[in-house]
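Structural features, examined
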Amino acid sequence: MESELACPIAPVVDLVFSRWTTPILWTLNQHGRMRFVELERRIGTITPKVLTQRLRQLERDGLITRTYHPEVPPRVEYEISELGRSLAPIFHNLAEWSKRNLPEVEKARSRYDR
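Residues numbered from 1 in each chain as written. Predicted model: local features only at pLDDT ≥ 70, side-chain atom pairs only at ≥ 80, totals over all residues. Heavy atoms only, no water.

- The name that an unreviewed UniProt entry assigns to the protein chain is Helix-turn-helix transcriptional regulator, with the source organism given as Lentzea alba.

Structural notes on the pattern of salt bridges
- Applying the stated criterion to the full structure yields 8 salt bridges.
- Ionic pairing is found between Arg-75 and Glu-71, a salt bridge with its closest N-O pair at 2.8 Å.
- Residue class for Glu-71 comes out partly exposed when judged on its relative accessible area of 37%.
- The salt bridge involving Glu-82 is made with Arg-85; its shortest N-O contact spans 2.8 Å. Of this pair, Glu-82 and Arg-85 both sit in helix 6 (residues 82-85), 3 residues apart, which is roughly one turn of that helix.
- Here the salt bridges share partners, and the residues they tie into one network are Arg-33, Glu-71, Arg-75, Glu-77 and Glu-79. (Salt bridge = Lys/Arg side-chain N within 4 Å of Asp/Glu carboxyl O. Buried < 20%, exposed > 50% of the residue type's maximum accessible area, 1.4 Å probe, protein only. Helix = DSSP H or I, 4+ residues; strand = E, 2+ residues; numbered from the N terminus.)

A look at the sheet that holds strand 1 (residues 34-35)
- Spatially, the 3 strands line up as an open sheet ordered 1-3-2, and their pairing is antiparallel. Pairing within the sheet leaves two strands with one partner each, and these edge strands are strand 1 and strand 2 (64-69).
- Of the pairings in the sheet, the one linking strand 1 to strand 3 (residues 75-80) comprises 2 bridges and is antiparallel in character. Paired with Arg-35 across the bridge in strand 3 is Glu-77.
- Contacting strand 1, strand 2 and strand 3, helix 3 (residues 21-31) crosses the sheet at an angle of about 95° to strand 3. (Pairing = 2+ DSSP bridges. Contact = heavy atoms within 4.5 Å. Axes fitted to C-alpha atoms, helices over the stretch in contact; angles between N-to-C directions.)

A closer look at the nonpolar core
- Ile-24, Leu-25, Leu-28 and Leu-39 are the most contacted members of the largest nonpolar core, which has 19 residues in total.
- Contributions of two or more residues to this core are made by helix 3, helix 4 (36-43), helix 5 (48-60) and strand 3.
- Once residues within four sequence positions are removed from consideration, Ile-24 is found in contact with Leu-39, Ile-43, Ile-46, Leu-51, Arg-54, Leu-55 and Leu-58. (Core = buried A, V, L, I, M, F, W, Y, C linked by side-chain atoms within 4.5 Å.)

If you want it as structure tokens, here you go:
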């Protein structure tokens, strides 16, 4: 049995919930169109190389759009696409779940570790 058949959301989890993809999508959804440096600052700990790689992959997947402005100096902006924006309810639900349940997760971990 293929993993997709065993868990039909596995491809989505792989696509959206990788180490840096979620913070990038969350930030663009919350703050709108941004330049590379703005996005890098908001995320904080991501390296420029990794941010570049993830932005390219997200653009390829159709979750963000990249707009090049042929100015001097050139300007590039990134924005969440409609497809990416369609993930907002999922992110909202996960954020709510986190607020409600992460304290319980921490308690369970403490009990287990004792």
